[in-house]
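Here's the letter readout for the chains.
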Amino acid sequence: MAKLKGLKCRECKKEYPAEPLHVCEFCFGPLEVNYNYDEIREAISRDTISQGPKSLWRYAALLPIEGPPTVGLHGGLTPMVKADRLARALGLDSLYLKNDTVNHPTLSFKDRVVAVALTRAKELGFDTVACASTGNLANSVSAHAAQAGLKCYVFIPSDLEAAKILGNLIYKPTVVAVEGNYDDVNRLCSEIASEYSWAFVNINIRPYYAEGSKTLAYETAEQLGWRSPDHVVVPIASGSLLTKIWKGLKEFEQLGFIPPVKTRVSGAQAEGCSPVAEAFKAKRDFIKPVKPRTIAKSLAIGNPADGYYALKTVKETGGSVETATDPEIVEGITLLAETEGIFAETAGGVTIAVLKKLAAQGKIRKGDVTVAYITGHGLKTQEAVMQAVGEPVRIQPNLTSFEQTIQNTKRREA
Ligand SMILES: *Cc1c(COP(=O)(O)O)cnc(C)c1O
Ligand SMILES: [Zn+2]
């Protein structure tokens, strides 16, 4: 029997074939990939992983493809940074940053999900790929489609950051800027997906796409020396990443690669778009959609598809969901840059700001082995920090000018 059994409804458990489907026709629940774990157990071990490719494909046995990977061969396996200077600033002892700002090729964690989605899209026979995006997904789909020679349509809200728009156009897909927010874009794309036989990575092939996020959990466990952290802090947009990090850790436990998982999973949202945090704080078990207003555009999903499951994961693991205001996001970005030399986008600022709050509240304890997920690069959201970084010191091209200026700045700093 093949490792990829098919799809299964998360709610009523009805099974479906491994086709481009994403909603249960009986209960409208979301479909999830259904594996034959006995088969996987035969195909993978800690040794085969360690000796595997230096990319996310070292975990191919746990991903929803049937043949070898064909798209995104260099994604994943990003640095796990021991962040001692940031840890000291936050009063923690054992802090790590999973640095997906340097994912190949488009500098965000979306290069993981897209590598899996497009490999699967080709297996399913699609010649055109598409997505509804808050920014990074469109960049990644555009780049991977160019490399794979697939036709490509990306749909984005029209008010995205300049670098995120350019970061699509350069690869020559059809870029459709929709005058509305992400939730409008997503609604439109669901309609288009039912009319055109394209692989919308986060709509009709979403079950396959979402599995790519598990590789962040696998790498976390492997890079920490085959163990799971005490606490993880994960940014939430649709909520998929958070739920898949938990799923990935549990799979490694189930396969016997790591000891029983006791990780608390906490979520980070921007205050201007925090439907999951609001439900968490109000002790509700359902999500009320909101209208986003935040500089963290990559996380600006007001009606998150997996919000319910993200909330459930946080509660079940004893984690928390906190928010960051726009000024706190900027402060998070600059704190990370100044202490660890990592330039993250606004989502990274949200994660660092929330990490700081959870540490201050004692929800992350001093000795907890903690991993924060830094999911996108700062050069893509320069607008957010332009005002916060100051100006270079300007001088004439001679030593006197340099020394006078340096004396002046030293005096000002003193
Ligand atoms: C898409 C994205 C996320 C969150 O993804 P979800 O799986 O939708 O919750 C986090 N950070 C960045 C930078 C992203 O682009
Ligand atoms: Zn169902």
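Everything numeric here is computed off the predicted structure, so don't read it as measured data. (Residues numbered from 1 in each chain as written. Chains lettered and ligands numbered in written order. Predicted model: local features only at pLDDT ≥ 70, side-chain atom pairs only at ≥ 80, totals over all residues. Heavy atoms only, no water.)

1. Here we look at the coordination of the zinc ion (ligand 2)
Protein-derived coordination of the zinc ion (ligand 2) comes from Cys-9 (SG), Cys-12 (SG), Cys-24 (SG) and Cys-27 (SG), at a distance range of 2.3 Å. Around the zinc ion (ligand 2) sit four donor atoms; with metal-centred angles ranging over 96 to 119°, the donor geometry is tetrahedral. In the primary structure, the donors to the zinc ion (ligand 2) are separated according to the pattern C-x2-C-x11-C-x2-C. We classify Cys-9 as buried; its relative accessible area is 1%. (Donors = N, O, S within 2.8 Å, 3.2 Å for Na, K, Ca; no water. Tetrahedral: all angles 85-135°; square planar, octahedral: opposite > 155°, others 65-115°. Buried < 20%, exposed > 50% of the residue type's maximum accessible area, 1.4 Å probe, protein only.)

2. Some thoughts on the pairing of strand E13 (residues 369-374)
The element E13 is largely enclosed, with a buried count of six among its six residues. The alternating pattern of E13 places Val-369, Val-371 and Tyr-373 on one face and Thr-370, Ala-372 and Ile-374 on the opposite face, and all of these are buried. Here strand E5 (residues 94-99) pairs with E13 via six bridges, running parallel. Looking at E13, one finds that Leu-95 is bridged to Thr-370. Two strands pair when backbone bridges link them, and strand E10 (residues 231-235) and E13 are joined in this way by three bridges, in the parallel orientation. (Helix = DSSP H or I, 4+ residues; strand = E, 2+ residues; numbered from the N terminus. Pairing = 2+ DSSP bridges.)

3. Some remarks on the domain arrangement of the chain
By a frequent convention, interface size equals the accessible area lost on bringing the separate parts together. Domains assigned within the chain are domain 1 (4-73 + 110-209) and domain 2 (80-106 + 213-385). Domain 1 and domain 2 are separated by 22 Å when their C-alpha centres are compared. Carbon and sulfur atoms make up 49% of the area that domain 1 and domain 2 hide from each other, which totals about 3,500 Å². At the boundary of domain 1 with domain 2, the tally comes to seven salt bridges. Residue Lys-164 pairs with Glu-345 through a salt bridge whose shortest N-O separation is 2.9 Å. There are 24 residue pairs in polar contact (both at pLDDT 80 or more) connecting domain 1 and domain 2. Elements with a minimum of two residues in the side of domain 1 that touches domain 2: strand E3 (31-35), helix H1 (37-43), helix H2 (46-50), helix H4 (110-123), helix H5 (136-148), helix H6 (162-169), helix H7 (182-195) and helix H8 (206-211). At five residues, the largest contribution of residues to the side of domain 1 that touches domain 2 is made by H5. When the residues that make up the side of domain 1 that touches domain 2 are grouped by side-chain class, the tally is 19 nonpolar, eight polar and 13 charged. (Domains from an automatic or database assignment. Buried area = accessible area lost by both parts, 1.4 Å probe. Salt bridge = Lys/Arg side-chain N within 4 Å of Asp/Glu carboxyl O. Polar contact = N/O pair within 3.5 Å; in protein donor to acceptor, adjacent residues only side chain to side chain. Nonpolar A, V, L, I, M, F, W, Y, C, P; charged D, E, K, R; others polar.)

4. Things to note about the site of ligand 1
Near ligand 1, the surroundings consist of 15 residues, among which Lys-110, Asn-136, Ser-238, Leu-241 and Thr-375 are the closest. At 2.9 Å, a backbone N or O of Gly-239 approaches an oxygen atom of ligand 1. Here a nitrogen atom of ligand 1 sits 2.7 Å away from a polar atom, N or O, in the side chain of Thr-375. Compared with its free state, where it exposes 390 Å², ligand 1 has 97% of that area covered by protein. Taken together, the residues that form the shell around ligand 1 break down as seven nonpolar, six polar and two charged. (Near = heavy atom within 4 Å. Areas by Shrake-Rupley, 256 points an atom, 1.4 Å probe, with all protein chains shown as cover.)

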